[in-house]
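# Notes for the structure review
Here are the chains, one letter per residue:
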Amino acid sequence: MGEGFSITINGKPVPVAEGTSVAAAVMMANQPCRFSVQGEARAPLCGMGICMECRATVDGVPHRRTCQLACTPGMEVVTG
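The rules we used
Residues numbered from 1 in each chain as written. Predicted model: local features only at pLDDT ≥ 70, side-chain atom pairs only at ≥ 80, totals over all residues. Heavy atoms only, no water. Core = buried A, V, L, I, M, F, W, Y, C linked by side-chain atoms within 4.5 Å. Buried < 20%, exposed > 50% of the residue type's maximum accessible area, 1.4 Å probe, protein only. Helix = DSSP H or I, 4+ residues; strand = E, 2+ residues; numbered from the N terminus. Contact = heavy atoms within 4.5 Å. Pairing = 2+ DSSP bridges. Axes fitted to C-alpha atoms, helices over the stretch in contact; angles between N-to-C directions. Salt bridge = Lys/Arg side-chain N within 4 Å of Asp/Glu carboxyl O.

### What about the nonpolar core?
By size, the foremost hydrophobic cluster in this structure holds 18 residues, and its most contacted members are Ile-7, Ile-9, Val-16, Val-22, Cys-71 and Val-77. At the level of elements, strand S1 (4-9), strand S2 (12-17), helix H1 (22-28) and strand S5 (55-58) are the ones that each hand at least two residues to this core. With 4 residues, H1 is the largest single contributor of residues to this core. The residues contacting Val-22, other than those within four sequence positions of it, are Thr-66, Leu-69, Ala-70, Cys-71, Met-75 and Val-77.

### Structural notes on the sheet that holds strand S6 (residues 61-65)
Taken together, the 5 strands give an open sheet; going across it, the order is S2-S1-S7-S5-S6, and neighbouring strands pair in mixed fashion. On the outer flanks of this sheet lie S2 and S6, each paired with one strand and no other. Between one strand and the next, the sheet's axes are offset by a mean angle of 40°, whatever the strand orientation. The pairing of S5 with S6 spans 3 bridges and is classified as antiparallel. Following the sheet pairing, Ala-56 is matched in S6 by Arg-64.

### Description of unusual backbone geometry
Despite not being glycine, Asn-30 shows a phi value in the positive range, around 60°. Structurally, Asn-30 can be placed in the loop between H1 and strand S3 (34-35). Although it is not a glycine, His-63 sits at a positive phi angle of roughly 60°.

### Observations concerning the pattern of salt bridges
Per the stated rule, a full pass over the model turns up 2 salt bridges. Linking Glu-53 and Arg-34 is a salt bridge whose minimum nitrogen-to-oxygen distance equals 3.2 Å. Taken together, the positions of Glu-53 in the loop between strand S4 (41-42) and S5 and Arg-34 in strand S3 put the pair 19 residues apart, joining distant regions of the chain. The salt bridge involving Glu-53 is made with Arg-42; its shortest N-O contact spans 2.7 Å. Here Arg-42 lies in strand S4 and Glu-53 lies in the loop between S4 and S5, a separation of 11 residues in the sequence. You can call Glu-53 buried: its relative accessible area is 11%. Look at Arg-42 and you get partly exposed, because its relative accessible area is 28%. One salt-bridge network, held together by shared partners, links Arg-34, Arg-42 and Glu-53.

This is the structure we're talking about:
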């Protein structure tokens, strides 16, 4: 892991290290990635982009698989 920086998750700054996946950052921020149709909080499951449980809006693009994305400085993530 390299130097640290912050990304924004649901409007709050979250410090991360270079190389951190967005899914890991969301979990570190104690936020769900999304909610099921029954209202259950969902989090990453497979960690390789197959299950789609880690989807969130990243920099305005909905349904991004956060386990497949590395954090970048200034990134904006909206979950739920």
